[in-house]
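Below, each chain spelled out in residue letters.
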Amino acid sequence: MIDVYWTVIPVLLVHYFQSHPLSEFNSWRSTAVVALTWVWAVRLTYSYFRREKWQWGAREDWRFTDLARQYGKNWWWVSFFAVYLIQQVFLIGVCIPLYIVHTVNQPLNIWDIAATIVCITGIIYAHFADTQLHTFVTKNEKLKEAGKPMVANLDEGLWYYSRHPNYFGEQLWWWGVAIFGWNLGCTWGFIGALVNSLCLAYVTILVERKMLKQEYRVEAYKMYQRRTSVWIPWFKLSTNQVPKEKGS
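Procedures and definitions
Residues numbered from 1 in each chain as written. Predicted model: local features only at pLDDT ≥ 70, side-chain atom pairs only at ≥ 80, totals over all residues. Heavy atoms only, no water. Helix = DSSP H or I, 4+ residues; strand = E, 2+ residues; numbered from the N terminus. Buried < 20%, exposed > 50% of the residue type's maximum accessible area, 1.4 Å probe, protein only. Contact = heavy atoms within 4.5 Å. Areas by Shrake-Rupley, 256 points an atom, 1.4 Å probe, with all protein chains shown as cover. Lys, Arg positive; Asp, Glu negative; His and termini not counted. Charge placed at Lys NZ, Arg CZ, Asp CG, Glu CD. Axes fitted to C-alpha atoms, helices over the stretch in contact; angles between N-to-C directions. Parallel < 35°, antiparallel > 145°, perpendicular 65-115°, else oblique. Left-handed = near helix turned anticlockwise from the far one by under 90°. Nonpolar A, V, L, I, M, F, W, Y, C, P; charged D, E, K, R; others polar. Salt bridge = Lys/Arg side-chain N within 4 Å of Asp/Glu carboxyl O. Expected span 1.5 Å × (residues − 1). Disulfide = S-S within 2.5 Å. Core = buried A, V, L, I, M, F, W, Y, C linked by side-chain atoms within 4.5 Å. Phe/Tyr/Trp six-rings, centres within 6.5 Å; stacked < 30°, edge-to-face > 60°.

Trainee: Would you mind going over the overall build of the protein chain with me for this structure?
Mentor: Along the protein chain, the regular secondary structure elements total nine helices and zero strands. If you list the helices and strands of the protein chain from N to C, you get α-α-α-α-α-α-α-α-α. The proportion of buried residues among the 248 residues of the protein chain is 40%. Expressed as a percentage of contacts within the protein chain between residues at least 6 apart in sequence, the contacts between residues at least 24 apart total 76%. Of the accessible surface of the protein chain, which amounts to about 14800 Å², a share of 66% is contributed by carbon and sulfur atoms. Positive and negative charge centroids in the protein chain, built from 24 and 17 side chains respectively, lie 6 Å apart.

Structure, rendered in structure tokens:
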């Protein structure tokens, strides 16, 4: 249920900052940031419920399950600090620019436009990436139910140019938000986005390790890793450019 929590808190925070008696801001910038936050939250919430077949908290995140097995009896207190408490710090960190927007009143400039473009691009990119992934997973589930071989790997659409385009889109959103804060003199507003990106890099490693544990997709995914960019969309390496594994 922590995923849904992430979609709710930024919306509550941006409205809290905007409505606070001591707030001071440019109304156009504030309106843009609030609207963008709502659009982002609706997209992410929709993606979550679609992925979970419109249920709330019915399925535990596989990463939590793996960590619970790893830590055993200590998981109850490890999870409190390493999963739940730390996420409060992350949320506050990435939302610092939302606070800055509502404490500094300066005219709009070109960087506000740039930040808006980056945020919108991130939202749209993540939506299409998640939709393509959902379509792929749904088709594989139907193939499995029919007793037919599943497709080993998604290598079409945005996933042709990046192994994790949904993560890339999400990071674009948070870096776009950070630009809003930086534009108002908050150079340390990038810290939240940077830490979030580093954490997502670790999640990327976990996801790819999971992929390589599934026998039917190991070889296809190894080739996918060698030819395809991790996050930033880029052209594929040709077959003769792919580095050979040791011993091959």
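Trainee: What is the right way to look at the packing of helix 2 (residues 27-51) against helix 7 (residues 165-183) in this model?
Mentor: Relative placement of two packed helices is described by the angle separating their axes and the distance separating the axes. Their axes nearest at 12 Å, the elements helix 2 and helix 7 cross at an angle of 165 degrees. Considering their axes alone, helix 2 and helix 7 lie roughly antiparallel with respect to each other. In this structure, helix 2 meets helix 7 at a crossing whose hand is left-handed. Judged by residue contacts, Arg29, Val33, Leu36, Thr37, Trp40, Arg43 and Leu44 of helix 2 engage Glu170, Trp173, Trp174, Phe180 and Asn183 from helix 7. In the contact of helix 2 with helix 7, the residues fall into seven nonpolar, two polar and three charged.

Trainee: Mind showing me how you'd approach unusual backbone geometry here?
Mentor: If a residue is not glycine, its phi is most likely negative; likewise, a peptide bond is most likely trans. Backbone geometry at Lys53 places phi at a positive 55 degrees, although glycine is not the residue there. Among the structural elements, Lys53 can be located in the loop between helix 2 and helix 3 (62-71). Phi at Trp54 is positive, roughly 60 degrees, even though this residue is not glycine. If you trace the backbone, Trp54 turns up in the loop between helix 2 and helix 3.

Trainee: What is the right way to read the pattern of salt bridges from this model?
Mentor: Side-chain pairs of opposite charge can arise where the charged atoms are in close proximity. If you walk through the whole model with that rule in mind, you get nine salt bridges. Ionic pairing is found between Arg43 and Asp130, a salt bridge with its closest N-O pair at 2.9 Å. Taken together, the positions of Arg43 in helix 2 and Asp130 in helix 6 (residues 110-145) put the pair 87 residues apart, joining distant regions of the chain. The buried category is assigned to Arg43, whose relative accessible area is 8%. Between Asp155 and Lys236 there is a salt bridge whose closest N-O contact spans 3.0 Å.

Trainee: Looking at this structure, I do not really get helix 1 (residues 2-19). What am I missing?
Mentor: Counted at 1.5 Å a residue, the expected span for helix 1 with its 18 residues is 26 Å, and the 26 Å between its end C-alpha atoms agrees. Every buried residue of helix 1 is accounted for by Ile2, Val4, Trp6, Thr7, Ile9, Pro10, Val11, Leu13, Val14 and Phe17. Looking at the buried residues of helix 1, the elements they touch are helix 2, helix 3, helix 4 (75-94), helix 5 (96-101), helix 7 and helix 8 (190-211).

Trainee: For this particular structure, what's the right way to read the state of the cysteines?
Mentor: By definition, a disulfide links the sulfur atoms of two cysteines through a covalent bond. One pass over the structure, following the stated rule, counts zero disulfides. Sulfur of Cys95: no disulfide; nearest cysteine sulfur belongs to Cys119 and is 12 Å away. Free cysteine Cys199: the closest other cysteine sulfur is in Cys95, separated by 15 Å. Its relative accessible area of 26% is what places Cys199 among the partly exposed residues.

Trainee: Explain the nonpolar core to me, please; I cannot follow it from the model alone.
Mentor: Nonpolar side chains in soluble globular proteins tend to be buried together. Residues Trp40, Leu98, Trp173, Trp174 and Phe180 are the most contacted members of the largest nonpolar core, which totals 34 residues. Mapped by element, the contributors of at least two residues to this core are helix 1, helix 2, helix 4, helix 5, helix 6 and helix 7. With seven residues, the single largest contributor to this core is helix 1. Leaving out residues up to four positions away in the same chain, Trp40 has contacts with Trp6, Thr7, Pro10, Ile123, Glu170, Trp173 and Trp174. Counting residues in hydrophobic clusters, the runner-up holds nine residues, among them Ala129, Phe136, Phe168 and Tyr224.

Trainee: What should I look at first to understand the packing of aromatic side chains in this one?
Mentor: Geometrically, a pair of aromatic rings is defined through the distance of the ring centres and the angle of the planes. Per the counting criterion, the structure on display carries 19 aromatic pairs. Between the aromatic rings of Trp6 and Trp174, the centroid separation amounts to 6.4 Å while the plane-to-plane angle is 80 degrees, which identifies the pairing as edge-to-face. Note that Trp6 is positioned in helix 1 and Trp174 in helix 7, a separation of 168 residues in sequence. Classification of Trp174 as buried rests on a relative accessible area of 3%. Plain terms: the ring middles of Tyr160 and Tyr161 are 5.0 Å apart, the flat faces sit at 80 degrees to each other, and that makes the pair edge-to-face.

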